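# Close look at the chain arrangement
One-letter residues, chain by chain:
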Amino acid sequence: MNKNVLLLCCILRRSQTVFSVIKNYDLVKFEYIFCQSYRFISSSANQPLGWPVKQRSYSYSIWAAKITTQGLTSTSTNTTTSIGGVRVGSPPLVMASSQLTNRPAGAFSHQKFDYFLVLDFEATCDKETRMYPQEIIELPVLKVNGKTFETEAEFHTYVQPTSNRQLTQFCTELTGITQSMVDGQPTFQESLKMLNDWMVQQDLLSGNNSFIFVTCGDWDFRKQLTHQCEYTGVQFPHYCKQWVNIKKAFARATGTYCKGMPGMLDKLHLTLDGRHHSGIDDSRNIAKILKEIAKKGFVFERTGWLE
């Protein structure tokens, strides 16, 4: 059996693996393999696992995320056995939510970044068919202070599509963006130049302030921006090559995985302000989630990146 799958099986059976044989393991890839493999593991296990699939898989992904790249040696006194040269035991499960506490008002843990740039693209789409090329039609960015988690500045522009210039009825119904809102607006290339100029104005590219983008998923940068830069011949912005996926950060902070922004807001007892799938409104709601998690002492790290 593949070593990765074996280790995942060990974790899902409430066992702790000694990672002495896995040095400098890529934890993000580990967590990805973990979450993608749980259905296979659940169906192939010899005995029932008992927990609901999402709760089980993401609870253990929280535990897995705490393993350091230097390797983890078990301190448990439980009896261990050897499976394929890998020692396993049965320590109690530790949920991430038990390690986070509400902090005094106005107090946040020290973050690794001076600013968080919250972004949520909206793009051309259709209900029945997959559009190609898919083009960004709204580009909002919020500059959130990493100490206060207050929004200090906003960048926002609608973007004129050039390959499929006419928005579909489905796209308008989903996003609230009408044809008149994109006609005559900056093109993709022009909007990226405007964003870059705004970032210079905000003293984000001088080297004085560290920052990272925050998205609701990996699609914005890994898929949409990458593909649109490729087919337009525009150089991919170097500062967009790493980001925080708020859904992964939320899962690590709370022990609960939510597929979308409304679910995270609900779990945190926050309201959804504005219109869902409006880029600027979604960005403001993501910023609320970011702040609420930070209140519990969570320290954000990058969850996604491009080479």
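The structure reproduced in this document is the subject of the present report. (Residues numbered from 1 in each chain as written. Predicted model: local features only at pLDDT ≥ 70, side-chain atom pairs only at ≥ 80, totals over all residues. Heavy atoms only, no water.)

## Focus on the side chain of D120
Assignment of secondary structure puts D120 in the loop between β3 (115–119) and β4 (122–123). Buried D120, no salt bridge; nearest opposite-charge side chain is K247, N-O distance 9.0 Å. Setting aside chain neighbours within four positions, we find D120 in contact with E138, P140, C216, D220, G279, D282, S283 and I286. (Helix = DSSP H or I, 4+ residues; strand = E, 2+ residues; numbered from the N terminus. Buried < 20%, exposed > 50% of the residue type's maximum accessible area, 1.4 Å probe, protein only. Lys, Arg positive; Asp, Glu negative; His and termini not counted. Salt bridge = Lys/Arg side-chain N within 4 Å of Asp/Glu carboxyl O. Contact = heavy atoms within 4.5 Å.)

## Focus: the environment of L192
Turning to its location among the elements, L192 is positioned in helix α6 (residues 188–201). With 45 residues separating them along the chain, L192 and P237 place their C-alpha atoms 8.3 Å apart. Ignoring sequence-local partners within four residues, the contact set of L192 consists of L139, L225, C229, V234 and P237.

## Some remarks on the pattern of salt bridges
The final tally for this structure, using the stated rule, is nine salt bridges. Salt-bridge contacts for D197 lead to K193; the nearest nitrogen and oxygen are separated by 2.9 Å. Pair noted here: D197 and K193 are both in helix α6, with a separation of four residues, about one helical turn. Residue classification places K193 among the partly exposed residues on the basis of a relative accessible area of 49%. Between K295 and E292 there is a salt bridge; the shortest N-O distance is 3.6 Å. In this pair, K295 and E292 both sit in helix α10 (residues 279–295), three residues apart, roughly one turn of the helix. Salt bridges linked by common partners bring E154, D281 and R284 together as one network.

## Quick word on the environment of E154
When you line up the elements, E154 lands in strand β6 (residues 151–158). Judged by relative accessible area, E154 falls into the partly exposed class, the value being 37%. E154 sits 36 residues away from V118 along the chain, and the two C-alpha atoms are 9.4 Å apart. Ignoring sequence-local partners within four residues, the contact set of E154 consists of V141, L142, W198, I280 and R284. A distance of 2.9 Å separates the side chain of E154 from the side chain of R284, its partner in a polar contact. (Polar contact = N/O pair within 3.5 Å; in protein donor to acceptor, adjacent residues only side chain to side chain.)

## Quick look at the side chain of Q228
With respect to the secondary-structure elements, Q228 resides in helix α7 (residues 219–232). Take Q228: its relative accessible area is 2%, and that puts it in the buried class. Among the polar contacts listed, one links the side chain of Q228 to the backbone nitrogen of I136, at a separation of 3.0 Å.

## Side note on the nonpolar core
Formed by 29 residues in total, the largest nonpolar core has its most connected members in F116, I246, I289, L290, I293 and F300. Listing elements by their share of this core, those giving two or more residues are β3, β5 (136–145), β7 (211–215), α8 (246–254), α9 (261–267) and α10. Top element by residues in this core is α10. It accounts for seven residues. Here I246 is in contact with V214, T215, C216, M264, I286, I289, L290, I293 and F300, once residues within four sequence places are set aside. Ranked by size, the runner-up nonpolar core spans 26 residues in total, among them F155, W198, C229 and Y239. (Core = buried A, V, L, I, M, F, W, Y, C linked by side-chain atoms within 4.5 Å.)

## A short note on unusual backbone geometry
That bond from Y132 to P133 is cis: its omega, -10°, falls within 30 degrees of zero. Relative to the assigned elements, P133 resides in the loop between β4 and β5.

## As for the pairing of strand β8 (residues 242–245)
Where a strand is regular, its side chains alternate between the two sheet faces. Looking at chain direction, β7 and β8 are connected through three bridges and run parallel. In the sheet register, V214 faces β8, and the bridge partner there is V244. Between the parallel elements β7 and β8, the chain passes through α7 in a crossover that is right-handed. Pairing geometry for β8 and strand β9 (residues 304–305), over two bridges, is antiparallel. Residue pairing across strands places Q242 opposite W305, the latter belonging to β9. (Pairing = 2+ DSSP bridges. Right-handed = clockwise from strand over helix to strand, strands pointing away.)

## A word on the packing of α6 against α7
Two numbers describe how α6 lies on α7: the axes approach to 11 Å, and their chain directions differ by 120°. With respect to α7, the element α6 is oriented oblique. Considering how the two elements wind past one another, α6 and α7 form a crossing that is left-handed. Note on element contacts: α7 touches α6 through L225, Q228, C229 and T232, opposite F188, Q189 and L192. Residues of the contact of α6 with α7, tallied by class, amount to four nonpolar, three polar and no charged. (Axes fitted to C-alpha atoms, helices over the stretch in contact; angles between N-to-C directions. Parallel < 35°, antiparallel > 145°, perpendicular 65-115°, else oblique. Left-handed = near helix turned anticlockwise from the far one by under 90°. Nonpolar A, V, L, I, M, F, W, Y, C, P; charged D, E, K, R; others polar.)

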